[in-house]
Amino acid sequence: MPVVNEWRYRGRTVTAEDIRFIRQLLAENPAASRRSLSAKLCEAWQWKQANGALRDMVCRGLLLMLHRGGQIELPEIRFRPPNPFVQRERPQPTLIDMTPLTCALSDIRPLSLQQVRKTADEPLFNSLMEQHHYLGYEQPVGEHLKYLLWAQGRPVACMAWSSAPRHLGSRDRYIGWSAEARRRNIRFIAYNTRFLILPWIRVPHLASHILGCVAGALPADWERMYRHPVYFAETFIDPGRFRGTCYRAANWVLMGRTTGRGKASNSYTPNRSIKEVLGYPLTPRFRELLSQS
């Protein structure tokens, strides 16, 4: 096996000393499962999320990488739980008022903004996305929030947010942060993954108004859920389908375009559609805060 002085996984450098520590941990806990060993290592390294939860799945991935690289010997897998992402049932249709709503924005203001992650209305959000968004519903991984917008007692729009992509050239150049600052502070960026105005809603300027409402609530809601704020928001626009008019009207900035290669590509040839990358500062000090190392 070739000698490797340092390994890297998800932004963490694993040194030879770290590997020796892990080997000692394995030797001291010969009856422990992989899950138990991961939890012990997280505690030893104080490897935790901002909300205090152990970074268990990331740690398990690191241990598996070292196991496959011949650096450590993990115990045999004792139990394979069903994968909820493979076997997850699609959200079921929900009966709601689909009467066409055509009016001026002033006729339905003020809107009610509801963060529905971990609430009784989360299934409604999932169902509406599944039934009416052209991409359908996709279960987020990692930190995420879900918003329902209500008017006159009925839902009119949905918006989903998740953790930001770790590498995005146009965004990174726009912010101007270093690679180290990006690794440390990427969690302070929120990524708008889905935006849906329900198809029977016809209200001019509604979309840009919603963007403004959500941008005002997002930092506090994120901190309430995950115990850290967000300072910047970003999204992708497929110019083959949309012009992004509502984002521009809400003062989002075009930062550039994707390469069309995706994070797993090992070539320089685009293998997917090229998207526009738009961003929105949630605080005037976003560059200063995101560039701190």
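Residues numbered from 1 in each chain as written. Predicted model: local features only at pLDDT ≥ 70, side-chain atom pairs only at ≥ 80, totals over all residues. Heavy atoms only, no water.

So, the overall build of the chain
Consideration 1: Across its full length, the chain holds 10 helices and 11 strands.
Consideration 2: Along the longest, intermediate and shortest principal axes, the C-alpha atoms of the chain span 70 × 40 × 35 Å.
Consideration 3: When burial is assessed residue by residue, the chain has 44% of its 293 residues classed as buried.
Consideration 4: Counted over contacts in the chain with a minimum sequence separation of 6, partners at least 24 positions apart contribute 69%.
Consideration 5: In the structure as shown, the chain presents an accessible area of about 16,600 Å², 51% of it carried by carbon and sulfur atoms.
Consideration 6: For the chain, the distance from the average site of its 42 positive side-chain charges to the average site of its 24 negative ones is 3 Å. (Helix = DSSP H or I, 4+ residues; strand = E, 2+ residues; numbered from the N terminus. Buried < 20%, exposed > 50% of the residue type's maximum accessible area, 1.4 Å probe, protein only. Contact = heavy atoms within 4.5 Å. Areas by Shrake-Rupley, 256 points an atom, 1.4 Å probe, with all protein chains shown as cover. Lys, Arg positive; Asp, Glu negative; His and termini not counted. Charge placed at Lys NZ, Arg CZ, Asp CG, Glu CD.)

As for the pattern of salt bridges
Consideration 1: Throughout the structure, instances matching the rule amount to 15 salt bridges.
Consideration 2: Salt-bridge contacts for D97 lead to R154; the nearest nitrogen and oxygen are separated by 3.9 Å. Linking D97 in the loop between α4 (84-87) and β3 (101-102) with R154 in strand β6 (residues 154-163), this pair joins segments that are 57 residues apart in sequence.
Consideration 3: Accessibility expressed as a relative area gives 39% for D97, which makes it partly exposed.
Consideration 4: On the basis of relative accessibility, which here comes to 9%, the residue R154 falls in the buried class.
Consideration 5: A salt bridge links D172 to R171; the nearest nitrogen and oxygen atoms lie 2.8 Å apart. The pair formed by D172 and R171 is uniform in burial state, with each residue classed as buried.
Consideration 6: In the salt-bridge network here, residues are joined through shared partners; they are R171, D172, R182 and E234. (Salt bridge = Lys/Arg side-chain N within 4 Å of Asp/Glu carboxyl O.)

Structural notes on the confidence of the model for the chain
Consideration 1: Residues with a pLDDT of 70 or more make up 92% of the chain, whose mean pLDDT is 90.
Consideration 2: Least confident of the elements in the chain is α4, whose mean pLDDT is 57; most confident is strand β11 (residues 276-281), at 98. (pLDDT = per-residue confidence, 0-100.)

Description of the packing of aromatic side chains
For any two aromatic rings, the description comes down to two numbers: the centre-to-centre distance and the angle of the planes.
Consideration 1: Applying the stated rule across the entire model yields 12 aromatic pairs.
Consideration 2: Judged by centre distance (6.3 Å) and plane angle (80 degrees), the rings of F195 and Y247 are edge-to-face. With a gap of 52 residues between them, F195 in strand β7 (residues 189-197) and Y247 in helix α9 (residues 245-249) connect regions that are remote in the sequence. We note that F195, like Y247, is buried.
Consideration 3: Considering the side-chain rings of Y247 and W252, the 5.0 Å spacing of their centres and the 80 degrees angle between planes classify their relative orientation as edge-to-face.
Consideration 4: The cationic tip of R12 hangs over the ring face of W47; the distance from NZ or CZ to the ring centre is 5.0 Å.
Consideration 5: Here the guanidinium or amino end of R287 rests over the ring plane of Y174, the centre of that ring lying 4.7 Å away. (Phe/Tyr/Trp six-rings, centres within 6.5 Å; stacked < 30°, edge-to-face > 60°. Lys NZ or Arg CZ within 6 Å of the ring centre and 35° of its normal.)

Here we look at the sheet that holds strand β10 (residues 253-257)
Consideration 1: Taken in spatial order, the seven strands of this open sheet run β4-β5-β6-β7-β9-β11-β10, and their pairing is mixed. Of all the strands in the sheet, just β4 (112-115) and β10 have a single pairing partner and so form its edges. The average undirected angle you get between the axes of adjacent strands in this sheet is 30 degrees.
Consideration 2: The pairing of strand β9 (residues 232-237) with β11 spans six bridges and is antiparallel. Considered in β11, the bridge of F236 is made with V277.
Consideration 3: Sheet strands in contact with helix α8 (residues 206-226) are β4, β5 (144-151), β6, β7 and β11, and its direction is about 135 degrees off that of β5. (Pairing = 2+ DSSP bridges. Axes fitted to C-alpha atoms, helices over the stretch in contact; angles between N-to-C directions.)

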